[in-house]
Amino acid sequence: MTTPAAAESTERSGLKRSITGTQLYFYVVGDVLGSGIYVLIGLVAAAVGGAFWMAFLAGVAVAAVTGLAYAELVTKYPQAAGASLYVNKAFRRPVLTFFITICMLSANMAAVGSLASGFVRYFAGVVGMSEDAVVPTLLIALAFLTVITFINLIGISESVVVNVVMTFIEISGLLIIMAIGVIALFQGISDPDVLLEFTGEGSKAIAVVSGVSLAFFAMTGFENAANVAEETIDPSRAFPRALIGGMLTAGVVYVLVSVAAALAVPIDTLSGNTLLTVIEADLLPISVSVMLVVFGLIAMVAISNTALVTVVAQSRILYGMAREDVVPGVFATVHPTRRSPYVALLFGAAVVTTLLVIGAVFQLTGSDLDIVDRLATITVVFLLFIYALVIVACLKLRGSDETPDTYRANTPLLVLGIIGNLVVLVYTVVDDPEALLWVAGLLAVGLVLYLAEWSSKKRARPTGGDPDAQAADAAPTDRGL
C-alpha cells in the first residue's frame, strides 16, 4: 500500500503536468514552422524547381498521416518517450526498443546540430560575417546550443511559454514573405507558370520525392509534442486537437510561403539559399537593409524555437526510457527544484557539440560538406524509419489499453502512411549513401549506452537471498511519477 509520504515523494520526483491544449497547439505549430521553411527552403527549391511547394505539401501529407498514429497512441499512453514507448508496448523486444530509442535520439541530436548551423547562417547575414569563417561560426553555434540547453534546464513551463512567444514572432516573418509574394504577383515579377516548373533530374515524381526527402526534416512536431504528453493537462483531449490543428496550420503556411518565394525571386537565385534572398528582392516599401536585419532576427528566433522544442524532446526520450530500464537509470534523474531531466539535457548537448565539431573539422580540411544538409539528411533517415514502425505499432496495439477517450485513426490512411514513409526513406538512402556513415556513428553512441545498461543490470543481478528483502532494501530512485 502506498503511503501518503511515498505518494508525495513520487509526485515530487516526476514531471509536472503544466502544458495546456492551447500551448500544445502552438508548440506543434512553432516546431514545424521553424525548421523547414527558414532553414531548408533553398535546398528544396534546388532539388525540385519552381514547383517545390508540391514537395512541402506532399511532406506535410505524409507526416500528418503519421501524426494520426501518434494521436491514437498518445491517448492510450500519455507518457514521455514517444516512439520508443510505443514500440516497446507493441513488440516487447528490449533490443528493438533500445534501437528505436537511439534512432530517435540520434534524429533529434542531428536536427539540433542542423538548426544550430542554420542559425549561424542567418546570424552571419545580419552581422555581415562570412560563413566560411569556420571557427567563429562554430563558436556561435555552440553558444546557441548552450543558451537553448540552459532554457530547458530552467524548466518545461518556462520553455513552453518561450515557445509560444517565439511562434508568434516566426509567423510574423512568414507573413512578410507572403506579402512579398502578393506584391510580386501583382507586379508581374515572375510568370505564375513557374509554380509548375520542375528543374530537378529525372521525372517529376522523382523530383517531388527528392524535395520531400529534404522537406520532411521539418515535419517533426507531433513526435516532439508526444514527448511532453506526460506534462500535458488532459492529454487524451488536448493532443489530437493540438496535433491535427497544428499540422494543418503548418501545411497551409508551408505552401503559401513556398509559392510566395517562387514568385518573388528566380529559382536559381533561391536555390541553396535562405529566405533572406526573398527580402533582397527589395519589393517592400521599407529599406532592404533594415528588412534584412529585421527578418534575420525573426529567422533566428524561429530556428531557436524549433531547437528549443527538439532539445525538450531528446531529454524526455532519455528520461522516459530510463524509467523503462532501457537506458542507464541516471538519465531519469530530475533536478530537485526545477524538475527538469538535467542529466539527459547535458548528455544531449555533449553529443550535438561533438557533431558540430566534427563538421567544422571537415570544413577546415577543405571538404565541401554542407553541414546543414548532411545533418538534415541524417535526421530524415532516422525519422522515416521510426515513423513507419510507429504506424505499425499503432495498428498492432489496436484493441489494447483503449478507453472511451481513445482517439482512433483511419486505418487505410495509416497503411498509406507506411508506404509513403518507406518510399521516401529508400530514395534518401540511395541519393546520399555517405549519410549512412554519420548514421552509423550516432548508432555507435547508442551501443555504448546499451553496453552500460547491460553491465549495470549484470552487476545488480541478485546472487542469492530473499528477493523481496532485497527490493525493500533498494535505494529509492527518481523514476516514479
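Residues numbered from 1 in each chain as written. Predicted model: local features only at pLDDT ≥ 70, side-chain atom pairs only at ≥ 80, totals over all residues. Heavy atoms only, no water.

### A look at the overall build of the protein chain
Moving on, step 1. A count of helical and extended segments in the protein chain gives 18 helices and 0 strands.
Moving on, step 2. Scored against the burial criterion, the 481 residues of the protein chain give a buried share of 56%.
Moving on, step 3. Considering only contacts in the protein chain between residues 6 or more positions apart, those separated by 24 or more positions represent 84%.
Moving on, step 4. For the protein chain, the exposed surface amounts to about 19100 Å²; the carbon and sulfur share of it is 66%. (Helix = DSSP H or I, 4+ residues; strand = E, 2+ residues; numbered from the N terminus. Buried < 20%, exposed > 50% of the residue type's maximum accessible area, 1.4 Å probe, protein only. Contact = heavy atoms within 4.5 Å. Areas by Shrake-Rupley, 256 points an atom, 1.4 Å probe, with all protein chains shown as cover.)

### A look at empty space enclosed by the protein
Moving on, step 1. On inspection of all chains with the given rule, the structure shows 4 cavities of 30 Å³ or more.
Moving on, step 2. Ile102, Leu105, Ser106, Met109, Phe347, Val351, Leu442, Val445, Gly446 and Leu449 together form the lining of the second largest cavity.
Moving on, step 3. Every element with two or more residues in the lining of the second largest cavity is listed here: helix 5 (94–127), helix 14 (342–364) and helix 17 (435–460).
Moving on, step 4. Considering only residue class, the lining of the second largest cavity consists of 8 nonpolar, 2 polar and no charged. (1 Å grid on protein atoms, 1.4 Å probe; cavity = no way out; pocket = protein on both sides within 12 Å on 5 of 7 lines; lining within 4 Å. Points joined across faces, edges and corners; volume = space filled by probe spheres on them. Nonpolar A, V, L, I, M, F, W, Y, C, P; charged D, E, K, R; others polar.)

### A look at the confidence of the model for the protein chain
Moving on, step 1. In the predicted model, the protein chain carries a mean pLDDT of 81, and 87% of its residues have values of at least 70.
Moving on, step 2. Contacts for the low-pLDDT stretch residues 1–13, under 50 throughout, to residues beyond four places or in other chains number 10 contacts.
Moving on, step 3. Here residues 467–481 is modelled with pLDDT under 50, and outside its nearest four sequence neighbours on either side it reaches 23 contacts, counting other chains as well. (pLDDT = per-residue confidence, 0-100.)

### Thoughts on the packing of helix 5 against helix 15 (residues 371–396)
Moving on, step 1. Contact pair helix 5 / helix 15: the axes reach a minimum separation of 8 Å and the direction vectors enclose 150°. Considering their axes alone, helix 5 and helix 15 lie roughly antiparallel with respect to each other. In this structure, the crossing between helix 5 and helix 15 has a hand that is left-handed.
Moving on, step 2. When its residues are assigned to classes, the contact of helix 5 with helix 15 shows 18 nonpolar, 6 polar and 1 charged. (Axes fitted to C-alpha atoms, helices over the stretch in contact; angles between N-to-C directions. Parallel < 35°, antiparallel > 145°, perpendicular 65-115°, else oblique. Left-handed = near helix turned anticlockwise from the far one by under 90°.)

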